[in-house]
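Commentary on secondary and tertiary structure
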Amino acid sequence: MWFKNIKAYQITQPMSLNDDDIQRVLTENAFRPCGNQETATMGFSSPFAQTGQGSMMFHNVGQRYWITIKKQEKLLPSSVVNDELAQKVAQIEQETGAPVGKKAQQDIKQEIIHKLLPQAFTKNSFIHGFISLPENLVIIDASADGKAEGYLALIRKALGSLPVVPLARSSLQSELTHWLTDGTPEGISLLEEAEFKSTDELESVIRCKNQPLDSDEIKMHLDAGKLVQKVGFEYQDTLTAVIAEDGSFKRLKFTDRIKEETDDIPKDQVAARLDAEFALMSAELAQFVSYMRDKLNLQAD
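Only a predicted model underlies this, so the values are computations on that prediction, with no experimental measurement involved. (Residues numbered from 1 in each chain as written. Predicted model: local features only at pLDDT ≥ 70, side-chain atom pairs only at ≥ 80, totals over all residues. Heavy atoms only, no water.)

1. Quick word on the overall build of the protein chain
The criterion, for reference: Each helix is a run of H or I in the DSSP string that is no shorter than four residues. Each strand is a run of E no shorter than two, and both are numbered from the N terminus. It is over C-alpha atoms that the radius of gyration is taken, and the globule rule equals 2.2 Å times the number of residues to the power 0.38. Relative accessibility under 20% of the residue-type maximum defines a buried residue, over 50% an exposed one, and the middle range a partly exposed one, all with a 1.4 Å probe and only protein chains included. We call two residues in contact whenever any of their non-hydrogen atoms come within 4.5 Å of each other. All accessible-area figures derive from a Shrake-Rupley calculation using a 1.4 Å probe, and residue coverage is judged against the displayed protein chains alone.
Each helix and strand in the protein chain was counted, giving eight helices and 12 strands. Its C-alpha atoms give the protein chain a radius of gyration of 24 Å, clearly above 19 Å, the size a compact globule of 301 residues would have. A principal-axis box enclosing the C-alpha atoms of the protein chain has dimensions of 75 × 55 × 40 Å. Counting only residues that meet the buried cut, the protein chain has 45% of its 301 residues in that class. Restricting to contacts in the protein chain with at least 6 residues of sequence separation, those with at least 24 account for 69%. Total accessible area computed for the protein chain in this model is approximately 16,100 Å², and 47% of it derives from carbon and sulfur atoms.

If you want it as structure tokens, here you go:
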């Protein structure tokens, strides 16, 4: 259980959680499979469902609540629907000798979808995240805003309230650019990867990889007024990631030093391993995001 991307949110009001209440509301909003005519469903699932020990709908370690959402989607390729539609339209036009109008084609298309949906394959996916009360953070394993917002919306619906704001509510271009021009905060080391964007109307973008960020070539782009959009870094020999100007973290990788701390747990003890990995990962991520919040001056008002 190692997150690969982070969308982080700050809790803006005092918040407490009761284990019995959480179990009840998550169970009331538990995942259920798609019905015959549903294209997608989404609900809560036990983080330990894969172990066969999924009676609890959340996992709490040190007031860090791991909550998992399961989503099921029907796979109905548009090419299949359009092929059937074309055949049906051609048949009608041949029989009537008159063209089929757009409104009639839309009605036929809906009939085809209605017929094919019960036969469609399904795709299951999961969104993992945790609420960390000690640090007043919500941290989600997601790279896209839509995925993270869907996670928050479902938790807000279940709990009745979830007062959060994004970790960064304005662009971090200037702050990240200062990392290259003035130096990084203690504990942050830059890697050889970055993306720059000009501030003129052209908004030209320069991407570099395997390129020292203190080189003359990079300095030339900075002198020309380009600002950092993304930059790769390492944090305290704990993890590497790419931070974007919107405050998200992508391509997150924990170092071997961290992952090796759970090596003594046999791989066949899946539940015990998941518990240990979450305890370790959530503590490290909560500390890391809190550190970035302070260093980038991102305290919620």
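Moving on, there is more to tell.
2. Digging into the environment of Gln50
Tracing the backbone through its elements, the reader meets Gln50 in the loop between β2 (40-45) and β3 (59-61). With a relative accessible area of 64%, Gln50 lands in the exposed category. Along the primary structure Gln50 and Ala271 are separated by 221 residues, whereas in three dimensions their C-alpha atoms are 8.8 Å apart.

3. Comments concerning the pairing of strand β6 (residues 137-140)
The side chains of a regular strand alternate between both faces of the sheet. What counts, and what does not: By the convention used here, strands pair only if DSSP detects at least 2 bridges between them.
Judged by which residues are buried, β6 turns out to be covered on both faces: Leu137 and Ile139 on one side and Val138 and Ile140 on the other are all buried. As judged from the four bridges shared by strand β1 (residues 7-11) and β6, these two strands associate in the antiparallel manner. Within β6, the residue paired with Lys7 across the bridge is Ile140.

4. Overview of the sheet that holds strand β9 (residues 205-209)
Here is the rule we go by: Angles shown run from 0 to 180 degrees and are taken between the N-to-C directions of axes, each axis being a line fitted to C-alpha atoms and, for helices, limited to the stretch in contact.
Here five strands make up an open sheet; going across it, the order is β9-β8-β10-β11-β12 and the pairing antiparallel. Sheet topology places β9 and β12 (249-254) at the edges, where each strand pairs with a single neighbour. Within the sheet, the average angular offset between the axes of one strand and its neighbour, ignoring direction, is 15 degrees. Two strands pair when backbone bridges link them, and strand β8 (residues 188-197) and strand β10 (residues 227-235) are joined in this way by seven bridges, in the antiparallel orientation. Within β10, the position partnered with Ala194 by the bridge is Val231. Of the strands in this sheet, β8, β10 and β11 (239-244) are in contact with helix α5 (residues 173-181), which crosses β10 at around 60 degrees. The sheet strands contacting helix α8 (residues 270-295) are β8, β10, β11 and β12, and the helix crosses β12 at an angle near 135 degrees.

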